[in-house]
Amino acid sequence: MTPPAPVHVIDHPLVQHKLTLMRQKDLSTSSFRRLLHEISMLMAYEVTRDMPTQLIEIETPLETMQAPVIEGRKTVFVVIMRAGSGFLDGMLEVVPGARVGHIGLYRDPKTLVAVEYYFKMPHNMDERDAIVLDPMLATGNSAVAAVDRLKETKPKSIRFVSLVAAPEGIDNMRRHHPDVPIYTAAIDRGLNEHGYIVPGLGDAGDRLFGTK
Ligand code: URA
């Protein structure tokens, strides 16, 4: 049996420092947004570490050489709305040629089951590596539903990136999508009775957009 894809905890001190600031309840909306932007740029380095490169011929001031470049247009960032959009701009700064897809899901507050209301991907998904963005991997129901849908478009590969994950969400993803590696800055203790990650950072969408 193939072992499940790894869970990468990005424990770089800069990422951990910024996450600690973001967890604090009195942080302003603008600071939360700026920190999420900064963390997403830093996490992009890890998430894209093994991206394929190709050699092109260039001329330095001294001679011609074969040098590696990333084919950015082959990457698609898949935003799970709405909090995933806070992760997007930082990732795009690092991989500006990437395409962007959106998946709209909301959690039914009673059942915590993910319900889809929007789905839009670029063409030729079979040529692309998909990087799914959702800051909070809580129950994992949205993540599983998003990856279920995404797999229908047959991308070459899928990675899942969260800022904070709960063990329950990781287990759920590994049960349903053992082939999808997970990248996260923290694995927290668990979920409370409302499905929030504890200690967590609260509702990422509300904190990002100032809606509470
Ligand atoms: N979604 C959030 O924004 N926060 C959580 O803790 C869980 C799900």
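Because the structure is a prediction, the values reported are computed rather than measured.

K.L.:
Residues and numbers for the overall build of the chain, please.
P.N.:
A count of helices and strands for the chain gives six helices and 14 strands. The C-alpha radius of gyration of the chain comes to 18 Å, within 12% of the 17 Å expected for a compact globule of 212 residues. For the chain, the C-alpha atoms occupy an extent of roughly 65 × 40 × 35 Å along the three principal directions. Looking at the chain as a whole, 45% of its 212 residues are labelled buried. A separation of at least 24 residues holds for 65% of the contacts in the chain among residues at least 6 apart in sequence. Surface accessibility of the chain: about 11200 Å² in total, with carbon and sulfur atoms responsible for 54%. Where the 24 positive side-chain charges of the chain centre and where its 26 negative ones centre are 5 Å apart.

K.L.:
So what's going on with the site of the ligand? Residues and values would help.
P.N.:
If you check the shell around the ligand, you find Arg 107, Met 136, Ala 138, Gly 195, Tyr 196, Ile 197, Gly 202, Asp 203 and Ala 204 and nothing else. Gly 202 places a polar main-chain atom, nitrogen or oxygen, 2.8 Å from a nitrogen atom of the ligand. Bound to the protein, the ligand loses 89% of the 230 Å² it would expose on its own. A molecule is said to occupy a pocket when more than half its atoms come within 2 Å of that pocket's grid points, and by this definition the ligand occupies the largest pocket. In the shell around the ligand, the residues fall into five nonpolar, two polar and two charged.

Rules of the game
- Residues numbered from 1 in each chain as written.
- Predicted model: local features only at pLDDT ≥ 70, side-chain atom pairs only at ≥ 80, totals over all residues.
- Heavy atoms only, no water.
- Helix = DSSP H or I, 4+ residues; strand = E, 2+ residues; numbered from the N terminus.
- Rg over C-alpha atoms; globule rule 2.2 N^0.38 Å.
- Buried < 20%, exposed > 50% of the residue type's maximum accessible area, 1.4 Å probe, protein only.
- Contact = heavy atoms within 4.5 Å.
- Areas by Shrake-Rupley, 256 points an atom, 1.4 Å probe, with all protein chains shown as cover.
- Lys, Arg positive; Asp, Glu negative; His and termini not counted.
- Charge placed at Lys NZ, Arg CZ, Asp CG, Glu CD.
- Near = heavy atom within 4 Å.
- Polar contact = N/O pair within 3.5 Å; in protein donor to acceptor, adjacent residues only side chain to side chain.
- 1 Å grid on protein atoms, 1.4 Å probe; cavity = no way out; pocket = protein on both sides within 12 Å on 5 of 7 lines; lining within 4 Å.
- Sits in = over half its atoms within 2 Å of the grid points.
- Nonpolar A, V, L, I, M, F, W, Y, C, P; charged D, E, K, R; others polar.

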